[in-house]
Structure formats: structure tokens, C-alpha cells
Amino acid sequence: MTSTLLRKLMVAGAVVAALGVVACKPKPAADAAASDAAAAASSAADASTAASSAMAAASDAAAAASAAPAASSAPAS
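The present account deals with the structure reproduced in this document.

Attention now goes to the overall build of the protein chain. Within the protein chain one finds two helices and zero strands. For the protein chain, buried positions account for 0% of its 77 residues.

On the surface, a cluster of nonpolar side chains totalling about 280 Å² of accessible area is made up of Val11, Val15 and Leu19. With respect to the helices and strands, the residue Val15 is situated in helix H1 (residues 3-24). Val15 gets classed as partly exposed once you look at its relative accessible area, which sits at 46%.

Cut-off values and rules
Residues numbered from 1 in each chain as written. Predicted model: local features only at pLDDT ≥ 70, side-chain atom pairs only at ≥ 80, totals over all residues. Heavy atoms only, no water. Helix = DSSP H or I, 4+ residues; strand = E, 2+ residues; numbered from the N terminus. Buried < 20%, exposed > 50% of the residue type's maximum accessible area, 1.4 Å probe, protein only. Patch = residues over 30% accessible without salt bridge, like charges linked within 9 Å, V, L, I, M, F, W, Y side chains within 5 Å. Areas by Shrake-Rupley, 256 points an atom, 1.4 Å probe, with all protein chains shown as cover. Salt bridge = Lys/Arg side-chain N within 4 Å of Asp/Glu carboxyl O.

These values are about where atoms sit, not about what they do.
Written as C-alpha cells, this is what we have:
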């Protein structure tokens, strides 16, 4: 083998080893970001449920308020 070919093989081996080390390292920042995103999605779902419940309660209250004057204006027997 010539020294040029041997040098290219050594460089290629070093590149493969470096990529292997980088690929195998844990990424705690990415894991933390994923966890934060999941928590935010859960909070958003909870907020959406609360808003839906509030809208239903407001609708029920409006219906009760509109029915109340009709009931009070009915003649007493």
C-alpha cells in the first residue's frame, strides 16, 4: 500500500469513529425540550377542556336567566 492510500484510510476511519461518538452521545437538552413540549401540550389540553366547560356553564346560565323572567311573570294560582 502506498502512504497516500493508507493516509486516506486512516482519515476515513477517524471520520467514522467521530460520527459514531457523536451519534451515541445522549442529548439531554433534546430530551428536556421534548418533556417540556409534552407538558405544554398537556396544559393546553387542560385549558381547552376548562374553556369548554366554562362555555357550557355560561350557556346553561344564560338559558336559566332567560327562563327565570318567564316563570316569574306567570300568574300565581
